[in-house]
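Residue-level listing of the chains:
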Protein chains: 2
Amino acid sequence: MTESPELYINEEVVRRNIEKMSRKALHYGMQLRPHFKTHQCAEVASWFGDHHISRCAVSSLKMAWYFARHGWKDILIAFPLIPAQAEEYNRLAQQVSLTLFLSDPNSLRFFSMIRQPVKVMVEIDTGHHRTGIGVWEEEKIWQVVQHLQQNQFIEFGGFAVHAGETYHCSGESAVGEALARNLQHIKKLKARYPGACVSYGDTPSLSLGADFEGIDEARPGNFVFYDLMQLNLGACDPEEIALHLLCPVVASYPQRKQVVIHGGAVHLSKEYLSINGGEPVYGHVVAANHAYAENMPAGIKETMEVIALSQEHGIIRATHGQAQQILPGQSLPVIPVHSCLAASQFNYYREMKTRRIIPKMSL
Amino acid sequence: MTESPELYINEEVVRRNIEKMSRKALHYGMQLRPHFKTHQCAEVASWFGDHHISRCAVSSLKMAWYFARHGWKDILIAFPLIPAQAEEYNRLAQQVSLTLFLSDPNSLRFFSMIRQPVKVMVEIDTGHHRTGIGVWEEEKIWQVVQHLQQNQFIEFGGFAVHAGETYHCSGESAVGEALARNLQHIKKLKARYPGACVSYGDTPSLSLGADFEGIDEARPGNFVFYDLMQLNLGACDPEEIALHLLCPVVASYPQRKQVVIHGGAVHLSKEYLSINGGEPVYGHVVAANHAYAENMPAGIKETMEVIALSQEHGIIRATHGQAQQILPGQSLPVIPVHSCLAASQFNYYREMKTRRIIPKMSL
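Small disclaimer: the values here were computed from a predicted structure and weren't measured.

Rules used throughout
Residues numbered from 1 in each chain as written. Chains lettered and ligands numbered in written order. Predicted model: local features only at pLDDT ≥ 70, side-chain atom pairs only at ≥ 80, totals over all residues. Heavy atoms only, no water. Buried < 20%, exposed > 50% of the residue type's maximum accessible area, 1.4 Å probe, protein only. Helix = DSSP H or I, 4+ residues; strand = E, 2+ residues; numbered from the N terminus. Pairing = 2+ DSSP bridges. Least-squares fit on C-alpha atoms with pLDDT ≥ 70 in both. Contact = heavy atoms within 4.5 Å. Axes fitted to C-alpha atoms, helices over the stretch in contact; angles between N-to-C directions. Parallel < 35°, antiparallel > 145°, perpendicular 65-115°, else oblique. Left-handed = near helix turned anticlockwise from the far one by under 90°. Nonpolar A, V, L, I, M, F, W, Y, C, P; charged D, E, K, R; others polar. Domains from an automatic or database assignment. Buried area = accessible area lost by both parts, 1.4 Å probe. Salt bridge = Lys/Arg side-chain N within 4 Å of Asp/Glu carboxyl O.

Let us now look at the pairing of strand β15 (residues 313–317) of chain B. All names here are of chain B. In terms of residue burial, β15 counts as a mostly covered element, since four of its five residues are buried. With five bridges joining them, strand β12 (residues 258–262) and β15 adopt antiparallel strand pairing. Along β15, the bridge assignment pairs valine 260 with isoleucine 315. Hairpin remark: strand β14 (residues 304–309) followed by β15, antiparallel, with three residues in the connecting loop.

On to the relation of the copies chain A and chain B. Placing chain A over chain B gives an RMSD of 0.0 Å and needs a rotation angle of 180°, together with 0.0 Å of translation along the axis. Taken together, these values place the two copies in the relation of a two-fold axis. Distance from the rotation axis, computed per C-alpha, reaches its smallest value in chain A at lysine 270 of chain A: 2.7 Å. A symmetric contact is evident, with 100% of the interface residues of chain A recurring at the interface of chain B.

Consecutive side chains along a regular strand alternate between the two faces of the sheet. All names here are of chain B. The buried fraction of strand β16 (residues 331–336) amounts to six of the six residues, a majority that puts the element mostly inside the structure. The alternating pattern of β16 places Ser331, Pro333 and Ile335 and Leu332, Val334 and Pro336 on opposite faces, both of which are buried. Of the pairings in the sheet, the one linking strand β13 (residues 283–285) to β16 comprises three bridges and is antiparallel in character. The partner of glycine 283 across the bridge, within β16, is proline 336.

Turning next to the packing of helix α3 (residues 61–69) of chain B against helix α4 (residues 86–93) of chain B. Residues and elements named next belong to chain B. One way to put it is that α3 packs onto α4 with a least axis distance of 11 Å and a crossing angle of 15°. In this view, α3 runs roughly parallel relative to α4, as classed from their interaxial angle. Considering the relative orientation of α3 and α4, their crossing is left-handed. Every residue of α4 that contacts α3 at Leu61, Ala64, Trp65 and Ala68 is listed here: Glu88, Tyr89, Arg91 and Leu92. When grouped by side-chain class, the residues that make up the contact of α3 with α4 number six nonpolar, no polar and two charged.

Residue and element names in this part refer to chain A. With domains assigned, chain A is organised as domain 1 (11–225) and domain 2 (238–337). Domain 1 puts seven residues into the contact, and the matching count from domain 2 is six residues. Interface area for domain 1 against domain 2, summed over the two sides, is near 480 Å², with a carbon-plus-sulfur share of 52%. Linking domain 1 to domain 2 there are one salt bridge. Here glutamate 240 and lysine 20 are joined by a salt bridge, their closest N and O atoms 2.6 Å apart. Looking at side-chain class alone, the side of domain 1 that touches domain 2 contains four nonpolar, one polar and two charged residues.

What follows is the structure, encoded as C-alpha cells:
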C-alpha cells in the first residue's frame, strides 16, 4: 500500500531512452547537450556518462549550481540571462565552462558586469515566439554578434533555437514540417555566420526528425521520461514512458462512475491534454496489462483518464464495474501529461524495480 | 533587482483577512477551523493566535505533522483517510487531538487498525461530487454513523461538507444560491442527527455568505491570501489580495507586444481563468498605482495579463508602449490565479514591507 503519492521511474527504460537519443545524435553528427530540467537529478544525469556526454543544459541558475556541485563542467543556462544574476554568473564561471543565452539586445549592457570568461549564445526565434531575436531581424542579429565579439570576457558561442511550437503540433507530420521550416532558417543563418555553432532544442523534433542538417548540438530534455503529451504527438511509444505517479485510492463512487486518488495539482501539475478539443485529461491510469501496473486489479483492461484535479485530489473516470473493483487501500499508477512539471514537484524518485530512493534537486 | 521569482506576502493584509474572517465566524456563532493548506506556514498560522483560534485543517498527513511540530494540538486532516497511513494516524494521535475524514464506507474496515483515540467526521457530498457520501444516501450515512459509534477508539465527530462547486460559480449570487441549497441539506441532516457538529468549507461561501444556519464550524483556507480566482468570483476586493510573485523581466518584444518574465508553471502553476470563455489568463501584472507595484514603471497604468506559461517562462501581453518601457533588469509583481498552488511551489515567503524571509513547509 502506498502512503502518499510517489513518483516512480524505470531505470531500464530511462537508460534505453538515453542510449537511443545518444545514438541518434551521433548518427546525425550532432553533439548531445541534454536538457536536465526534466529530471533535475544527479543520478539520472550520471547515466549519460556511459555515452560520453559531458555537456548539459539547465533552465535556471539554481539548477546550474546543483549540477556544477555534482561534477558537470560544461553547463548552458538555456534561459534568457537575468541581469540581477550577473555576480552569480561570475562565481559559477570560476568553476565551470558556462554558456548564457542572450535573448533580448537590451540585455547586452549587463555584460559589462561579467568579469569571468563565459560563452554567450544568441537565442534565435524561428517562429515559436517565446524568447529570442527574430530570425528575420538580420540586422539586429548582426549588431548583437558584433557587440559580443567586442567584450574581452565573452566568447560568441553561436545560435540557439528552441522549437517549442512542436508541442502544439497535431502529430508527427506537423512536427516534421516545423523542423523542415527551421532547417531552412538555420541554413541561411549558417551561410551568414560560417562556423557558428547551432544548438537546437525540443524533444518532439529530436525524437521524430530524420534530417538535422546544420544543427551542431541537440538539446532535448523530456525524452528521458517522455509522457502523455509526447505520446499524443507520436514522439514516443507507450513502452518508452519511464515515469509514473503511484497514487493511493481514497474513495470510489461506482454510481457516478468515478474513483478518487490522492494525487492532485500539487503532484501532477494542472497541465492537460484536450484531444480534438475534448474535455481536459490530466493523466492516464494504465491498464492491468501495462508494465507499470503490477498492483492493478486484473479486471482493469482499459486505460482510465484523470479528468479533474484539485490541490490534492485527482478524479478518475471509470466504468461502474471498474469503480467497484478499485477501492481504498489500493494504489493506481498514473502517467502524467507533462513529466517535467510532475518531476519538479518532488524531492526524489523511486526506482520502479528496486524501489530504492533516487534523490533529486529540491525546491 | 530580483534574482529569481519570489513569493511576497503582505503581513498587514494577511492579518486583516484573518481578523475579518475570525470576526465573521464569531458573529455567526461558528468555530473557525482555518484550512492551512493555503499558506502551509507556521508563522502565518501563529497570526490566528490573536483571535484564539486553536484548531486547524490540513490536506495531508505531512502537513498535519508539520503543524503538530509547531504546536497545533487540534488538527483535522480534511482529506479522505488513506488506509496505508493507519500507523501514522496512531502515532500522530498520541500527540494531538486528531480528526479524520470518512469519505467512502469501504474505508470503514481500516479503522480496525486504529488503536488511539481519534475523531472521525463523515464527509458529505452535497453536490460538489468530489468526495463524500451523497447527502441523498440517507441509509448509507446512517449505517456509517452506527458503525463508527461501535469502535472503542473512535468518536463520531459529525459531518463535513466542502462546497467546492462555488469555485465554478459565475459570481456572487451563484455562490449565495449554492450556499442556500447546502444549508437546506444541512438542516435535514441536523434534524436526523441532533447535536452532530457540521463543518463547512470553501472560501467563497464564507467570504460572501450572510446566513450560515446549522453550520457549527467554518473551514475556509484561501481567504488568508485570496487571489485572482476569488477576485473574479467577487469573494474579495483587490486590496484584500495578500500574495504576489515578484518576477525578473528577461526579455521584451515591443513588436509582438509581449514581455517575458522568469515566472512559469513551476512558480504560478498552470491554473488559469477563462473569463467569458476567453483565452486563458495565468496571472495579472498589477498596474503602477497598485500597492504591490513599488518598482513598476510609472507608465504602466493598466493591469497586464500573463497569457502563456512554460516551465520557467511567463509571457505577458502588453501594449507596444508598455513593452518598450519594461526591460530586462526590472521586476514585475504578478498576482496568481490560485494562491494555494503558487504557495505550494515555494519554501518560504518574503514579507512585502520588511523583506524578511518567512519559512514555510517544503516539499
